[in-house]
Amino acid sequence: MPIKMYNALPDATLFGSVILAFILDAVAPLMTVVPSPISLAGWVLVVVGFGFAVSILKTLRSKRTSTDAAVAPHWLWVDGPYALSRNPFYLCYVMIALGAACALGSLAAFIAPVLCFLVLHYVVIPLEERVIQKKFGQQYEDYKRSVRRWI
């Protein structure tokens, strides 16, 4: 079912990209671009990204709205983190993938956050935007004009 696939795609993209970063770092480390101890900052990015993602998810669930990429939310959240980015949850995902790459430090590991970004930007977000546009119409158009997709 395509709907179920889209629901799992964002999470699969995040976890797949982090696993890919570890594999690429182990198999083809190429060269170190983030040396230790600076690479420890990568773990900070992972923790901060995860913390923000959990906070956003808790708010969405407390409002009893959909967290499924293919299902329209019950309300259009335009304040808080959504006043800075139309996709703060996915921004957290990219932050986590980037943090993992920084923590690993090798050039090859940085392929993973790029892939994470590309899948979210070109596959997941356009799907969500079509669903939200259909439900909220002009209200969503106004929001899109005032808030950037990422940051």
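Here, every reference points to the structure presented above.
For the structure given in this document, a descriptive report is provided here.

Quick notes on the rules
Residues numbered from 1 in each chain as written. Predicted model: local features only at pLDDT ≥ 70, side-chain atom pairs only at ≥ 80, totals over all residues. Heavy atoms only, no water. Core = buried A, V, L, I, M, F, W, Y, C linked by side-chain atoms within 4.5 Å. Buried < 20%, exposed > 50% of the residue type's maximum accessible area, 1.4 Å probe, protein only. Helix = DSSP H or I, 4+ residues; strand = E, 2+ residues; numbered from the N terminus. Contact = heavy atoms within 4.5 Å. Expected span 1.5 Å × (residues − 1).

**Let's talk about the nonpolar core**
Moving on, step 1. Ranked by size, the top nonpolar core spans 33 residues in total, and within it I56, Y82, F89, Y90 and L120 carry the most contacts.
Moving on, step 2. Listing elements by their share of this core, those giving two or more residues are helix 1 (2-27), helix 2 (40-62), helix 3 (88-104), helix 4 (111-136) and helix 5 (138-146).
Moving on, step 3. Not counting residues within four places of it along the chain, the set of residues in contact with I56 comprises W77, P81, Y82, P88, F89 and C92.
Moving on, step 4. Within the second largest apolar cluster, 7 residues are counted, among which are A21, A109, F110 and A112.

**Some details on helix 3**
Moving on, step 1. Helix length check: helix 3 (17 residues) gives 24 Å between terminal C-alpha atoms against 24 Å at 1.5 Å per residue, within 8%.
Moving on, step 2. The element helix 3 is largely enclosed, with a buried count of 13 among its 17 residues.
Moving on, step 3. A positive backbone phi angle near 85° is found at G105, which sits one or two residues after helix 3.

**Some remarks on unusual backbone geometry**
Moving on, step 1. The residue after S36, namely P37, is reached through a cis peptide bond having omega 5°.
Moving on, step 2. Looking at the element boundaries, P37 is found in the loop between helix 1 and helix 2.
Moving on, step 3. With phi around 55°, R64 is a residue other than glycine that occupies positive phi space.
Moving on, step 4. Locating R64 in the fold gives a position in the loop between helix 2 and helix 3.
Moving on, step 5. Using a relative accessible area of 71% as the deciding quantity, one classes R64 as exposed.

Note that all results are geometric; they support no functional claim without further evidence.
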